[in-house]
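Structural overview
Chain by chain, the residues:
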Amino acid sequence: MKILNLLLPTAFLAVLVIGLTLFFTTEDREVSEMENRELQTANFSTSVQDIISGKLTKKVESYISDQFAFRDDWMKTFVKFQSVTGKTVIKDQYYVDARTGWIVSKAADLVPEEELDAFVDDFTKIQEGLSAHDIPMAFFTFPAKATYIRKPSPSFVPEDMGIKNNARLHEKLTANGIDNTKIMDAIPKAVDVHDMYFKTDHHWNMFGAYQGYLALMKNVNERIGEKIEPIPFEEKNMSCLPNDFSGSWNKVLYLTVANDDQICYNYPESFENQFTVYMGKVGEGKEYTFNDIYGGAKNMDQSEFVSYATGYSLDYAMLSFLNEDYDSDKHIVIVKDSYMNAIQFHVASHFKQTTILDLRYTKGDPVDLIAELDPDYVFFAYNDRNFNVVKQY
């Protein structure tokens, strides 16, 4: 009996000792690939001010949580437990339909008026700055998956405010004299939005990106006064990778949601030879080709997971495209987020020169940066969930 009485505390102490040993001997991870975020490391301040304010305590708590031994395995088990026990919102972020493989984001609230006003104020200043250099601009929003894929989800979930938020934003842009449009308005109503997006990622798939490309080119044509014919979506140009897909939302759920997502491509063979690309301004640094920038996952082993980024393109501060087979001799600049990555070569194929900018990775005043490029037209193209595209500089 005495042995049995000692068994539980002995086992507890053994687990505690092993856990602490692993915690202090395992090298800290700086980033969680699954959660797509930076982890708290031991590199934090121990100043008197941080101790008094409570910042140190919070950082220590985050450090212990983030660097806990076998954290990913524990979290994966936790996610599975939530799913099995019928929890409606997994990790307080997503609805999961295990039967179909769809992951639907938690409903968004109304964006505060002051946040929308600050967003519009930023673009008003940019437009004023560009106007001083005689550079016209327009602002477009791509339809985000989180806004347009609301089913399958439980019938009792609250209404998502994404469409209303975007409508309010465009009303304010118009009131401030900024040329703008919702790209979704130019996508045919007959297109089923469920065909446009990955089930387990926050981006659109190749078919959805192509619908966005068609609608984008329609609006670009109207602004530049040309009639450029878009590249057709042809079956002979369609190819898909056999690799399993690592969707951004599924990664947050530790890849627990089975699905049939695939990275697919649809582009003409000419893309592989008609571009010279620079990671910066034209003529600066090394020259790159289409295959250096686009579709890196095609070179990966079939056993490896592929993602939207590896499947199409990583994000770069600046890409400059020189095109040998163009429809227009104009130089356009597109300031974008990652929704543009799947179709940036499609758009660039129509112009003599195209510059793609991502303000998340640039420094300085965007007006000065764009003015130095001296384009004929600037188009801002962001997914309609993105309300933090212009950071203070």
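Described in the following lines is the structure provided in the data block. Since this is a predicted model, take the numbers as computed values, not measurements. (Residues numbered from 1 in each chain as written. Predicted model: local features only at pLDDT ≥ 70, side-chain atom pairs only at ≥ 80, totals over all residues. Heavy atoms only, no water.)

On to the packing of helix α5 (residues 113–131) against helix α7 (residues 162–175). Running from amino to carboxyl end, α5 crosses α7 at an angle of 45°, the nearest separation of the two axes being 10 Å. Relative to α7, the element α5 is oriented oblique. Between α5 and α7 the crossing geometry is right-handed. Each of Glu113, Leu116, Asp117, Phe119 and Val120 in α5 lies in contact with α7, whose residues at this interface are Asn165, Arg168, Leu169, Lys172 and Leu173. Across the contact of α5 with α7, the residue classes break down as 5 nonpolar, 1 polar and 4 charged. (Axes fitted to C-alpha atoms, helices over the stretch in contact; angles between N-to-C directions. Helix = DSSP H or I, 4+ residues; strand = E, 2+ residues; numbered from the N terminus. Parallel < 35°, antiparallel > 145°, perpendicular 65-115°, else oblique. Left-handed = near helix turned anticlockwise from the far one by under 90°. Contact = heavy atoms within 4.5 Å. Nonpolar A, V, L, I, M, F, W, Y, C, P; charged D, E, K, R; others polar.)

Where α5 meets helix α13 (residues 366–373), the axes come as close as 9 Å, and the angle between the chain directions of the two elements is 35°. Between α5 and α13 lies a crossing whose hand is right-handed. Between α5 and α13, the contacting residues are Ile126, Gly129 and Leu130 on the first element and Pro366, Val367 and Ile370 on the second. Considering only residue class, the contact of α5 with α13 consists of 5 nonpolar, 1 polar and no charged.

Let us now look at the packing of aromatic side chains. What the rule picks out here adds up to 30 aromatic pairs. Residues tyrosine 210 and tyrosine 213 carry aromatic rings whose centres are separated by 5.6 Å and whose planes lie at 50° to one another, so their mutual orientation is tilted. Of this pair, tyrosine 210 and tyrosine 213 both sit in helix α8 (residues 206–224), 3 residues apart, which is roughly one turn of that helix. Over the face of the ring belonging to tyrosine 265 we find lysine 298, whose NZ or CZ atom lies 5.1 Å from the ring centre. (Phe/Tyr/Trp six-rings, centres within 6.5 Å; stacked < 30°, edge-to-face > 60°. Lys NZ or Arg CZ within 6 Å of the ring centre and 35° of its normal.)

Turning our attention to the environment of glutamate 113. Examined against the element boundaries, glutamate 113 turns out to sit in helix α5. Taking the C-alpha atoms as reference, glutamate 113 lies 9.0 Å from arginine 168; in sequence the two are 55 residues apart. Beyond its immediate stretch of four places on either side in the chain, glutamate 113 contacts Arg168 and Lys172.

Attention now moves to the pattern of salt bridges. Throughout the structure, instances matching the rule amount to 19 salt bridges. A salt bridge links glutamate 234 to lysine 236, with the nearest nitrogen and oxygen atoms 3.7 Å apart. Linking lysine 336 and aspartate 315 is a salt bridge whose minimum nitrogen-to-oxygen distance equals 3.0 Å. One end of the pair, lysine 336, is in strand β12 (residues 328–336); the other, aspartate 315, is in the loop between α11 (308–311) and β11 (318–323), and 21 residues separate them in sequence. Relative accessible area serves as the criterion here: at 2%, lysine 336 is assigned to the buried category. Here the residues in one salt-bridge network are Glu113, Asp117, Arg168 and Lys172, joined through shared partners. (Salt bridge = Lys/Arg side-chain N within 4 Å of Asp/Glu carboxyl O. Buried < 20%, exposed > 50% of the residue type's maximum accessible area, 1.4 Å probe, protein only.)

Between lysine 151 and the following residue, proline 152, the backbone shows a cis peptide bond with an omega angle of 5°. Tracing the chain through its elements places proline 152 in the loop between α6 (145–148) and α7. Phi at tyrosine 254 is positive, roughly 60°, even though this residue is not glycine. With respect to the helices, strands and loops of the structure, tyrosine 254 is situated in the loop between α9 (248–252) and β8 (264–266). Notably, aspartate 374 is not glycine yet its phi reads approximately 55°, a positive angle. By the element assignment, aspartate 374 lies in the loop between α13 and β14 (377–383). For aspartate 374, a relative accessible area of 58% gives the class exposed.

Next up on the list: α5. Residue pairs spaced three or four apart in an α-helix point in one direction, given the helix's 3.6 residues per turn. When the terminal C-alpha atoms of α5 are compared, their 27 Å separation across 19 residues agrees well with the 27 Å that a helix rising 1.5 Å per residue should span. Every buried residue of α5 is listed here: Leu116, Phe119, Val120, Asp122, Phe123, Thr124, Ile126, Gln127, Gly129 and Leu130. Contact partners of the buried residues in α5: β5 (137–142), α7, α13 and β14. (Expected span 1.5 Å × (residues − 1).)

Here the focus is the side chain of threonine 354. Counting through the fold element by element, threonine 354 comes out in strand β13 (residues 351–357). If we ignore the near neighbours within four places in the chain, the residues touching threonine 354 are Leu319, Ser320, Phe321, His331, Ile332 and Ala348.

Bringing the nonpolar core into the picture now. Within soluble globular proteins, side chains that are nonpolar generally end up buried alongside one another. Membership of the largest hydrophobic core comes to 65 residues, with the highest contact counts inside it found for Phe142, Trp204, Tyr312, Phe345 and Val347. The leading source of residues in this core is α8, at 9 residues. The residues contacting tryptophan 204, other than those within four sequence positions of it, are Phe142, Pro143, Met196, Tyr197, Phe198, Ala209, Gly212, Tyr308, Tyr339 and Ile343. One finds Phe119, Leu169, Val335 and Ile370 within the second-largest nonpolar core, a separate group that totals 26 residues. (Core = buried A, V, L, I, M, F, W, Y, C linked by side-chain atoms within 4.5 Å.)

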